[in-house]
Amino acid sequence: MSVFASLVERLADLLQPLFATTATAAAIILFTMLVRLAIHPLSRAAARGQKARTRIAPQLAALRKKHAKNPERLQKAMLELHAKEKVSPFAGILPSLLQAPAFFLMYHLFSGDRMAGHTLFAAPLGDHWADALSHGGLFGPAGRVYLVLFAVVAAVAVFTYRRTKQQLAAQPLDLGQPTPGVGAIAKVMPLLSFATLITVAVVPLAAALYVVTSTTWTAVERAFLYRDQAKREPSGAVATRA
């Protein structure tokens, strides 16, 4: 944690001539982007794994229908299919999990008090939205900073919501076996993008900057990594090839 904090502080010193009093805020944004760029190979691996699962999804559905009354035979047939197609049952999941430690460290760094004493325009990085409301109100100097952040998050959330709905229509959530509650999860998943609005409202501004930057990066990154699926499945049909 202290290493991350030192890197951000040094980056802020480098950005001081360009951003003056907002150098620390700029350093948080740039540092988040640099970390996301560093773990981008894991995101690419996750995308390849998800595309592989999409490719064999029709075959898995056929196996479940064929062996619906024989769970043991179904499990064996699915394992054979994964081996034949050289696709791990957890393809696309493990690379995503490996990214979690970096996200955890950055969030806790920026939600602590290491960034206190710095500002983004009129809003202190250590304050919360409630502080901005109590010092100037919704349209006060600090309040306007949060309004801009909320606008960015809302735009990204709408974009992510639409893409998630399209992807779930193209490939229903499938973990390789019948799973209770999957239908409910599929309905809730597109709405999760709007939860970032709540996060930005309750965490310190430094953490909010990290969350907004990381969420925006994720939306752009996924649009890039899954652009071929969007072109191939405009009507929401299930993909049958890689």
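Look a little higher up for the structure.
The rules behind these values
- The numbers attached to residues start from 1 for each chain and follow its sequence in the written order.
- Totals for whole chains, interfaces and linings use every residue, but because this is a predicted model, local features are given only for residues with pLDDT of at least 70 and side-chain atom pairs only at 80 or more, for both listing and counting.
- Side-chain numbers come from the whole structure's heavy atoms, not from hydrogens or water.
- Counting from the N terminus, the helices are DSSP H or I runs at least four residues long and the strands are E runs at least two residues long.
- Here a residue-residue contact requires only that any non-hydrogen atoms of the pair lie within 4.5 Å.
- Computed by Shrake-Rupley with a 1.4 Å probe, the accessible areas treat only the displayed protein chains as cover when residues are assessed.
- By nonpolar core we mean a set of buried residues, namely Ala, Val, Leu, Ile, Met, Phe, Trp, Tyr and Cys, connected to one another through side-chain atoms within 4.5 Å.
- Buried, partly exposed and exposed residues are distinguished by accessible area as a fraction of the type maximum, computed with a 1.4 Å probe on protein chains only: under 20%, between the cut-offs, and over 50%, respectively.
- A helix is expected to reach a length of 1.5 Å times the quantity of its residues less one.
- To obtain each axis, a line is fitted to C-alpha atoms, and for helices this fit is confined to the stretch in contact; angles are then taken between N-to-C directions over 0 to 180 degrees.
- These descriptions rest on fixed angle ranges, namely under 35 degrees for roughly parallel, over 145 for roughly antiparallel, 65 to 115 for roughly perpendicular, and the rest for oblique.
- In the scheme used here, Gly and all other residues not listed as nonpolar or charged are polar, with Ala, Val, Leu, Ile, Met, Phe, Trp, Tyr, Cys and Pro taken as nonpolar and Asp, Glu, Lys and Arg as charged.
- Here, a salt bridge means any side-chain nitrogen of Lys or Arg that lies within 4 Å of a carboxyl oxygen of Asp or Glu.
- Patch rule: a residue counts if its relative accessible area is over 30% and it has no salt bridge; like charges are joined within 9 Å, and nonpolar side chains (Val, Leu, Ile, Met, Phe, Trp, Tyr) within 5 Å.

Visitor: When you look at the overall build of the chain in this model, what are you seeing that I'm missing?
Guide: Looking only at helices and strands, one finds 12 helices and 2 strands in the chain. Counting from the amino terminus, helix and strand elements in the chain follow one another as α-α-α-α-α-α-β-β-α-α-α-α-α-α. Sequence-distant contacts in the chain: of pairs separated by 6 or more residues, those separated by 24 or more amount to 74%. Put simply, the chain shows about 13,600 Å² of open surface, and 67% of that area lies on carbon and sulfur atoms.

Visitor: What exactly am I supposed to notice about the nonpolar core here?
Guide: Buried together is how nonpolar side chains tend to be arranged in soluble globular proteins. Of all hydrophobic cores here, the largest spans 39 residues; its most connected members are Val-8, Ile-28, Phe-31, Phe-110, Leu-125, Val-200 and Leu-205. Mapped onto this core, the elements with two or more residues apiece are helix H1 (2-19), helix H2 (23-38), helix H6 (100-111), helix H8 (141-170), helix H10 (195-202) and helix H11 (205-225). For this core, the leading source of residues is H11, giving 8 residues. Once you skip the residues sitting within four places of it in the chain, Val-8 turns out to touch Ala-27, Ile-28, Phe-31, Leu-109, Phe-110 and Met-115. Counting residues in each nonpolar core, the second largest holds 9 residues, with Leu-60, Leu-74, Met-78 and Leu-81 among its members.

Visitor: In this structure, what is going on with H6? I would like to understand it.
Guide: Think of an α-helix as 3.6 residues a turn; residues three or four steps apart then line up on the same face. When the terminal C-alpha atoms of H6 are compared, their 16 Å separation across 12 residues agrees well with the 16 Å that a helix rising 1.5 Å per residue should span. Structurally, H6 contributes buried residues whose contacts are with H1, H2 and H11.

Visitor: Help me understand the packing of H10 against H11 in this model?
Guide: Geometry of a packed helix pair, given as the angle between the helix axes and the separation of the axes. Put simply, H10 and H11 touch, their axes get as near as 8 Å, and they point 155 degrees apart. Put simply, H10 runs roughly antiparallel to H11. Here Thr-196, Thr-199 and Val-200 of H10 come into contact with H11, specifically with Ala-208, Val-211, Val-212 and Thr-215. Classifying every residue of the contact of H10 with H11 gives 4 nonpolar, 3 polar and no charged.

Visitor: Sorry if this is basic, but what is going on with the pattern of salt bridges here?
Guide: Oppositely charged side chains are able to pair whenever their charged atoms sit close together. On inspection of all chains with the given rule, the structure shows 2 salt bridges. A salt bridge links Arg-36 to Glu-221, with the nearest nitrogen and oxygen atoms 3.3 Å apart. Highlighted residues: Arg-36 in helix H2 and Glu-221 in helix H11, separated in sequence by 185 residues. For the pair shown, Arg-36 and Glu-221 are each scored as buried. Residue Glu-85 is joined to Arg-55 by a salt bridge in which the shortest nitrogen-to-oxygen separation is 2.8 Å.

Visitor: Looking at this structure, how should I read a nonpolar patch on the surface?
Guide: On the surface, a cluster of nonpolar side chains totalling about 510 Å² of accessible area is made up of Phe-90, Ile-93, Leu-94, Leu-97 and Leu-98. Looking at the element boundaries, Phe-90 is found in the loop between helix H4 (71-85) and helix H5 (94-98).

All we've got here are geometric facts, nothing functional implied.
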